[in-house]
Amino acid sequence: MSRGTRRARPPGHRLSRNFGVLALLGGILVLAGLVGLAYAGFATLTTMLLFGWLLLIGGIVGLVHAVQSRDSSFFWLGVVVAALNIAAGAVVIRRPEVAAVGLTMFAALLFLTGGVFRLVGSVVVRGPQMGWTLVQGAFGLLLGILVLGDWPHSSRYVIGTFFSLALLFDGLGLIALGVGGRRVVGLVSDAVSEEGAPDRSANNDQGGQEQSRG
């Protein structure tokens, strides 16, 4: 069969395939999140190493950008920020366990302060979302207390657990988007095909009548 007579693909075929790729990527993220939850310690070390490399690469890129714009007034500020990023990245890559301990303490303090501010703010403001804000504040406060209560042992699994949960929920969102998008594209393609079918039959009937007249 020649290329000219090859059957044309539906208009939404490429779009449907792209949504399928999104769903596949979501499945990979879900699998990675489940593995990370099962091996939270390994996920913590992996997250810290990834964070360290991101700091290191970002610092190098920032330093190159600062050197390229050395005539500007922000040259030394860019150099200092880049140097700090490079130093922090090198420390995190060299000692990921120690960095995880410090980052876990910082996260616990954020949970505590955020929970307290939400609780106090919901009581003072008394808005329409007061109940939900109270629940969020209480949950953040409880989470911060639990993490601090088991610190520094909690640094072995807290960061990896949070990162794995983020991968899991992002993957579920991509799967929902991909499956829903493919379904919508299929419905639209079917509707377009149904609308175009009577037109083609009418054209065929008209062509047959012209041939009979001739």
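None of the values given here were measured: they were computed from a predicted structure.

Visitor: So what about helix α2 (residues 40–68)? Which residues, and what values?
Guide: Over its 29 residues, α2 runs 42 Å from end to end, which matches the ideal 42 Å to within 8%, given 1.5 Å per residue. For α2, every residue scored as buried is listed here: Ala-40, Ala-43, Thr-44, Thr-47, Met-48, Gly-52, Leu-55, Leu-56, Gly-59 and Ala-66.

Visitor: Give me the lowdown on the packing of α2 against helix α4 (residues 96–125), citing residues and values where you can.
Guide: At a minimum axis separation of 9 Å, α2 and α4 run at an interaxial angle of 95°. Relative to α4, α2 is oriented roughly perpendicular. Contact with α2, carried on its side by Thr-44, Leu-45, Met-48 and Leu-49, involves Pro-96, Glu-97, Ala-99, Ala-100 and Leu-103 of α4 and no other residues of that element. By residue class, the composition of the contact of α2 with α4 is 7 nonpolar, 1 polar and 1 charged.

Visitor: Mind laying out the nonpolar core, listing which residues take part and the relevant values?
Guide: Most often, soluble globular proteins keep nonpolar side chains buried together rather than apart. By size, the foremost hydrophobic cluster in this structure holds 5 residues: Met-48, Val-92, Ala-99, Ala-100 and Ile-159. Residues contacting Ile-159, with those up to four places away along its chain left out, are Thr-44, Thr-47, Met-48, Ala-100, Leu-103 and Thr-104.

Reading guide: rules and limits
Residues numbered from 1 in each chain as written. Predicted model: local features only at pLDDT ≥ 70, side-chain atom pairs only at ≥ 80, totals over all residues. Heavy atoms only, no water. Helix = DSSP H or I, 4+ residues; strand = E, 2+ residues; numbered from the N terminus. Expected span 1.5 Å × (residues − 1). Buried < 20%, exposed > 50% of the residue type's maximum accessible area, 1.4 Å probe, protein only. Axes fitted to C-alpha atoms, helices over the stretch in contact; angles between N-to-C directions. Parallel < 35°, antiparallel > 145°, perpendicular 65-115°, else oblique. Contact = heavy atoms within 4.5 Å. Nonpolar A, V, L, I, M, F, W, Y, C, P; charged D, E, K, R; others polar. Core = buried A, V, L, I, M, F, W, Y, C linked by side-chain atoms within 4.5 Å.

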